[in-house]
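# Structural overview
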Amino acid sequence: MYINILGNRNFIKNESKIISLVKKAENNFDSDKYLTSYNLSGVFYRTATFYFNNKQYIKAEKYYKKTYNELGLLQKHFFGKQLKHIVQLGIANSLFSQNMRNSANEIYIEIINDIDKENKEEMKQIREQYLGSNK
């Protein structure tokens, strides 16, 4: 929550403080010690999105990939795949913004192929939000 507040107030000014908090969470959070469904994916995703919104696409890609790595087996392969698709879309848009369009398009196609065909709303949202769809 504090990362959100700092990022929304002035990301550029608060970047070093945010990264310090992210590293502290990364170094100290051990999901085996807590009975919680939380993990570091939310922290990484927020950080990635702040970087993306501030046009720092290489750092955004890095944190979107960290987010993806924090997703659980069930989210990646069974239920809750929409979250996986949103994170993959962040990676694809970061790559696209770095002019790595072939890599971005590969991820986009992977997302599209993974969406349940009857889920037309998710398909529409992904297509609308992928930067490569509009260029």
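Everything in this summary refers to the structure shown in the same document. (Residues numbered from 1 in each chain as written. Predicted model: local features only at pLDDT ≥ 70, side-chain atom pairs only at ≥ 80, totals over all residues. Heavy atoms only, no water.)

With that settled, the discussion passes to the overall build of the protein. Assigned secondary structure in the protein consists of seven helices and zero strands. When the helices and strands of the protein are read in sequence order from the N terminus, they spell out α-α-α-α-α-α-α. Buried residues in the protein amount to 36% of all 135 residues. For the protein, the exposed area adds up to about 8700 Å²; of that, 50% sits on carbon and sulfur atoms. (Helix = DSSP H or I, 4+ residues; strand = E, 2+ residues; numbered from the N terminus. Buried < 20%, exposed > 50% of the residue type's maximum accessible area, 1.4 Å probe, protein only. Areas by Shrake-Rupley, 256 points an atom, 1.4 Å probe, with all protein chains shown as cover.)

Across the interface, helix H6 (residues 101–114) lies against helix H7 (residues 120–129) with an axial gap of 10 Å and an inter-helix angle of 170°. If you check the angle between H6 and H7, you find them roughly antiparallel. Touching Tyr108, Ile111 and Ile112 of H6 are Met123, Ile126 and Arg127, all from H7. For the contact of H6 with H7, the class distribution of residues is five nonpolar, no polar and one charged. (Axes fitted to C-alpha atoms, helices over the stretch in contact; angles between N-to-C directions. Parallel < 35°, antiparallel > 145°, perpendicular 65-115°, else oblique. Contact = heavy atoms within 4.5 Å. Nonpolar A, V, L, I, M, F, W, Y, C, P; charged D, E, K, R; others polar.)

Attention shifts here to the pattern of salt bridges. On inspection of all chains with the given rule, the structure shows six salt bridges. Between Lys66 and Glu26 there is a salt bridge whose closest N-O contact spans 2.6 Å. With Lys66 in helix H3 (residues 57–70) and Glu26 in helix H1 (residues 2–28), this pair connects stretches of sequence that are 40 residues apart. By relative accessible area, which is 31% here, Glu26 ends up partly exposed. Where Lys124 meets Glu128, a salt bridge forms, and the shortest distance between an N and an O atom there is 3.8 Å. One end of the pair, Lys124, and the other, Glu128, are both in helix H7, four residues apart, so they sit about a helical turn from each other. Residue classification places Lys124 among the partly exposed positions, given a relative accessible area of 45%. Salt bridges sharing partners connect three or more residues here, namely Lys81, Lys84 and Asp114. (Salt bridge = Lys/Arg side-chain N within 4 Å of Asp/Glu carboxyl O.)

Moving on: the packing of aromatic side chains. Applying the stated criterion across every chain, the model contains eight aromatic pairs. Between Phe11 and Tyr51 the ring centres are 5.0 Å apart and the planes differ by 85°, which places this aromatic pair in the edge-to-face class. Of the two residues, Phe11 sits in helix H1 while Tyr51 sits in helix H2 (residues 41–53), which places them 40 residues apart along the sequence. Classification of Tyr51 by relative accessible area gives buried; the value is 2%. Between Phe96 and Tyr130 the ring centres are 5.9 Å apart and the planes differ by 70°, which places this aromatic pair in the edge-to-face class. (Phe/Tyr/Trp six-rings, centres within 6.5 Å; stacked < 30°, edge-to-face > 60°.)

Turning our eyes to something else, we now look at the environment of Gln82. Its place among the elements puts Gln82 in helix H5 (residues 81–97). The contact partners of Gln82, leaving out residues within four places of it in the chain, are Asn119 and Glu122.

A word on unusual backbone geometry. For Lys55, which is not a glycine, the phi torsion comes out positive at approximately 60°. With respect to the helices, strands and loops of the structure, Lys55 is situated in the loop between H2 and H3. With a phi close to 65°, Asn99 is a non-glycine residue in the positive phi region. You can see Asn99 is positioned in the loop between H5 and H6.

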